[in-house]
Amino acid sequence: MTNLTPLYPRLLWAALLCVLSFSCAHSGAATSGGSGGGAPGGSTGYTINDIDGDWVGVLYPNSSLLEPFNFYFRSADSGVVSEAADSKNNQWLPGDSLLTANILNDGRMMVEFDSMILQNHLLLEGNMSPALNELTGDYEYLNNYGIPIRGTFILVRSTGNDYFAELDYSGAWSGGFGVGRNENKRQLEFVLDSDGSVISGSMTNWVTGLEIHHYSVGSGSFAATDMATGRINNFVLTADDGAIAECDFLLLDHELTLIGGTGVDSEVGEGTIEIRR
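Undergrad: Sorry, what's going on with the packing of aromatic side chains here?
TA: The geometry of two aromatic rings is summed up by the distance between their centres and the angle between their planes. Applying the stated rule across the entire model yields ten aromatic pairs. When the ring of F71 is compared with that of F73, the centres are 6.5 Å apart and the planes differ by 45°; the resulting orientation is tilted. Note on F71: relative accessible area 2%, which makes it buried. Each ring, one from F222 and one from F235, has its centre 4.8 Å from the other, and the planes form 40°; the classification is tilted. With F222 in the loop between β13 (211–215) and β14 (231–238) and F235 in strand β14, the pair connects residues that are 13 residues apart, well separated along the chain.

Undergrad: Honestly, empty space enclosed by the protein in this entry has me stumped. Any pointers?
TA: If a probe as big as a water molecule is rolled over the atoms, it shows which places are left empty. In total, this model carries three cavities of 30 Å³ or more according to the counting rule given. Approximately 70 Å³ is the volume attributed to the largest cavity. Forming the walls of the largest cavity are F177, L188, M203, Y215, F235, L237, A245, C247, G263 and I273. Listing elements by their share of the lining of the largest cavity, those giving two or more residues are β14 and β15 (244–252). The residue makeup of the lining of the largest cavity, split by class, is nine nonpolar, one polar and no charged.

Undergrad: Would you take a moment to explain the pairing of strand β8 (residues 134–142) for this structure?
TA: Consecutive residues of a regular strand have side chains that alternate between opposite faces of the sheet. In terms of burial, β8 is largely enclosed, as seven of its nine residues are buried. Taken together, the eight bridges between strand β7 (residues 121–128) and β8 define a ladder with antiparallel strand orientation. Within β8, the residue paired with E125 across the bridge is D138. Summarising the sheet, β8 and strand β9 (residues 148–157) pair through nine bridges and their orientation is antiparallel. Bridged to Y141 within β9 is I149. The antiparallel hairpin formed by β8 and β9 contains five residues in its connecting segment, where G146 sits at a positive phi of about 80°.

Undergrad: Can you help me understand the sheet that holds strand β10 (residues 171–177) in this one?
TA: As summarised here, the arrangement of the eight strands in space is β13-β12-β11-β10-β17-β16-β15-β14, forming an open sheet in which the pairing is antiparallel. Of all strands in the sheet, those with a lone pairing partner are β13 and β14, marking the two edges. Between one strand axis and the next, the sheet turns by 20° as a mean value, whatever way the strands run. Note that β14 and β15 share seven bridges and pair antiparallel. Bridge pairing links N233 to F249 in β15.

How each quantity is defined
Residues numbered from 1 in each chain as written. Predicted model: local features only at pLDDT ≥ 70, side-chain atom pairs only at ≥ 80, totals over all residues. Heavy atoms only, no water. Phe/Tyr/Trp six-rings, centres within 6.5 Å; stacked < 30°, edge-to-face > 60°. Buried < 20%, exposed > 50% of the residue type's maximum accessible area, 1.4 Å probe, protein only. Helix = DSSP H or I, 4+ residues; strand = E, 2+ residues; numbered from the N terminus. 1 Å grid on protein atoms, 1.4 Å probe; cavity = no way out; pocket = protein on both sides within 12 Å on 5 of 7 lines; lining within 4 Å. Points joined across faces, edges and corners; volume = space filled by probe spheres on them. Nonpolar A, V, L, I, M, F, W, Y, C, P; charged D, E, K, R; others polar. Pairing = 2+ DSSP bridges. Axes fitted to C-alpha atoms, helices over the stretch in contact; angles between N-to-C directions.

In structure tokens, the structure reads:
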């Protein structure tokens with residue numbers, strides 16, 4: 001796949017879509033109508049309805065200095081994207097974002113998420129699998145500082161409310177909480193039960209190693225509350241000393257290798273939470 005088209009104003013982007021054949025002028029483009037589950041490679045090819053559903057997976061930055069992160073988007077009603085979010089606490093909703101999706105009859109697809117209140121812009125360009133259950137390709141993300149980040153993505157079609165159900169969370173998880181320099185970062189360690197409930201855990205100072213919080217049985221649960229997307233809504237974690245950490249949402253991947261998001265600890269303050277198994 002060629003490099004992603006750079007991020008330009010939306011009018012110029014629309015023109016570039018025509019050049020890239022992502023336009024209504026393309027005779028095979030499915031921009032409306034059609035039945036879901038087209039016949040890839042057949043007479044009808046892919047249709048825009050094939051994008052409908054919940055797509056979950058991981059975005060992999062090209063830079064070895066950056067970690068992969070979880071992502072999902074939800075689409076229905078002939079390719080209308082209704083929401084998207086990643087484990088770096090970015091979220092795109094129709095009320096504050098421009099969300100568009102296109103697919104050609106050969107399976108080439110593009111989905112764009114453009115915030116109208118923040119300088120957050122994510123573009124996915126790639127291909128849909130013949131089985132209609134996987135999207136792969138390249139992404140370009142423009143963060144709040146206007147810095148473009150590029151990489152690849154793999155998204156799979158969620159099977160619905162059973163996709164993140166009955167997963168085994170048991171084992172040791174570790175990572176960090178915080179942003180900025182090392183002295184602002186805290187180490188997190190958790191042992192989780194099979195249902196995602198905390199058995200034990202701790203938050204320690206990254207530099208000194210001194211324990212800030214200890215977590216006992218019943219402190220909280222990292223299990224998904226939205227079983228179709230792996231989203232943990234309204235996450236609350238209560239330490240033994242009474243400190244409370246809250247997150248609007250966290251995201252996990254289906255392989256249970258990463259749980260991430262952004263939250264606020266009542267003593268430590270705001271930070272990015274990321275734990276891996």
